[in-house]
Amino acid sequence: MFETLTKAPGDKILALMGEYAADPRPTKIDLGVGVYKDEAGVTPIMSAVKKAEQRILAQGKTKTYLGIAGNKGFGAAVLDLVLGDTLDRSRVRIAQAPGGTGSLWVLMQLVNRARPGATIWVSDPTWPNHNPIAENSGLVVKTYPYFDAETRGVRFEEMLATLDGLGKDDVVLLHGCCHNPTGANLTNAQWDQVAASLAKTGALPFIDLAYLGFGDGLAADAYGTLKVVSAVPEALIAFSGSKNFGLYRERIGAAILIARDAAQADITQSQLLNIIRGSYSQPPDHGAEIIRTILEDAELRSEWEAELDLMRNRMIRLREKLSTAIRTKSNAADFDFIAAHRGMFSLLGLENAVVEHLKAANGIYMIGDSRINVAGIPEDRVDDLAEAMLAAIK
Ligand code: PMP
């Protein structure tokens, strides 16, 4: 049977990681892979997570099934974290899912049950995994204008014009904060306009919230999500705990749905649970129980928030250092956008040949589209990086 298959394309980021690992140069710099790294280049386990795990190990009593919707305490804590008291909870349902990716998957399946073959509009560009998840769910993917290659900001007027032309059968995928891959984000005033547009057209907002707390802080990063969900009758949110809790390999996320009213929420949730039951049946507990333990305990929660603040501030500091170094060395403000971007990434807008040159000549690894992970910048090598970038674009 398998002879019918041809080789599927490999993952570009994983291939780049392999190349980096095989590079013998001690001065090499990895700006590729999308995980947070500390000053030692390590993706650490947060200390609040370690403490929660110790409690779970000491106090756990059973490993029986969790139930299709997952860990209930986790669900309630995530709704408090993401939505606060913004919405009447009788319209809101949540199901734990394996990572932000698993959440996107089950919610896209849900959209396809409601409107088979519906069009989902994604930003140009977007996280490359959005397309296959949507297409494998039966949806049609189209793009709305987003990144401005000149300013490295958002082409907001064009984005809004596209959104204004959509209708109630359309779905709009929005990055709640910390846009991946560009690092360019909407201002609060622009979020207000997006929310008003969605309220007017009736298009369904679908918010990918994979970096809450990585931009300007937990509250600031939730602005767009809260503005949008307050303005519309129905919305979807795919939450990830991979980055902000550093739980990447635990595969922890949540699918949140907001319906018109409680009765519609019950029906919609029954379909979501039916999708989960018919795929992986039930989610695993460990990551969910860690997050529940942290968010329900005042001490662990403040420890986690402090660690998250440190991570975020480190990324902002690296952004400022790199853009300042480039400005000082070149006497031009061409890379000031790095300091204005937020989240883990910036799309530098370099030609692929420049990206390849930086890799070959300097051992500086970034994704082929010139996305860098700012957390990968070694703080003591900022000058080297700035010089190499300026030499490469000459
Ligand atoms: N959405 C975006 C925009 C992402 O960047 C990521 C992680 N790279 C995810 C969703 C999914 O994250 P995970 O499945 O690891 O939680």
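Treat the numbers as computed from the prediction; the structure is a model and nothing was measured.

Focus on the overall build of the protein chain
- When its secondary structure is counted, the protein chain shows 15 helices and eleven strands.
- Taking 21 Å as the expected radius of gyration for a compact globule of 394 residues, we find that the protein chain reaches 21 Å, a close match to that expectation.
- Each principal axis of the C-alpha distribution contributes one length, and for the protein chain these read about 60 × 55 × 55 Å.
- Within the span of the protein chain, comprising 394 residues, buried residues form 44% of the whole.
- The contacts of the protein chain with a sequence gap of at least 6 include a subset with a gap of at least 24, amounting to 74%.

Let's talk about the domain arrangement of the protein chain
- For the protein chain, the domain assignment lists domain 1 (10–45 + 301–393) and domain 2 (65–296).
- Computed over C-alpha atoms, the centres of domain 1 and domain 2 are 27 Å apart.
- Those elements that provide at least two residues to the side of domain 1 that touches domain 2 are α12 (298–330) and β9 (345–347).
- Ranked by the residues each element gives to the side of domain 1 that touches domain 2, the list is headed by α12, at four residues.

As for the confidence of the model for the protein chain
- The predicted model of the protein chain averages 97 in pLDDT, with 100% of residues at 70 or higher.
- Here the predicted complex carries an ipTM of 0.99, next to a pTM of 0.97.

Overview of the packing of helix α11 (residues 286–296) against α12
- The geometry of α11 relative to α12 is characterised by a closest axis approach of 5 Å and an angle of 105° between their N-to-C directions. Taken together, the axes of α11 and α12 are roughly perpendicular relative to one another. Residues Thr293, Ile294 and Leu295 of α11 pack against Leu300, Arg301 and Trp304 of α12.
- Grouping the constituent residues of the contact of α11 with α12 by class yields four nonpolar, one polar and one charged.

Re the pairing of strand β8 (residues 253–258)
- Across the six residues of β8, six count as buried, placing the element largely inside the fold.
- Of the two faces of β8, the one holding Gly253, Ala255 and Leu257 and the one holding Ala254, Ile256 and Ile258 are both buried throughout.
- Both strand β2 (residues 92–97) and β8 contribute to a ladder of six bridges, which runs antiparallel. The residue of β8 that forms the bridge with Val92 is Ile258.
- Note that strand β7 (residues 235–240) and β8 share six bridges and pair antiparallel.

Focus on the site of the ligand
- Close to the ligand lie 13 residues, the nearest being Gly99, Gly100, Thr101, Ser240 and Ser242.
- When residues in the shell around the ligand are grouped by element, the largest group, three residues, is from helix α4 (residues 99–114).
- Among the residues forming the shell around the ligand, the class breakdown is three nonpolar, nine polar and one charged.

What counts and what doesn't
- Residues numbered from 1 in each chain as written.
- Predicted model: local features only at pLDDT ≥ 70, side-chain atom pairs only at ≥ 80, totals over all residues.
- Helix = DSSP H or I, 4+ residues; strand = E, 2+ residues; numbered from the N terminus.
- Rg over C-alpha atoms; globule rule 2.2 N^0.38 Å.
- Buried ≥ 20, exposed ≤ 12 C-beta atoms within 10 Å, placed from the backbone.
- Contact = placed C-beta atoms within 7 Å.
- Domains from an automatic or database assignment.
- pLDDT = per-residue confidence, 0-100.
- Axes fitted to C-alpha atoms, helices over the stretch in contact; angles between N-to-C directions.
- Parallel < 35°, antiparallel > 145°, perpendicular 65-115°, else oblique.
- Nonpolar A, V, L, I, M, F, W, Y, C, P; charged D, E, K, R; others polar.
- Pairing = 2+ DSSP bridges.
- Near = placed C-beta within 6 Å.

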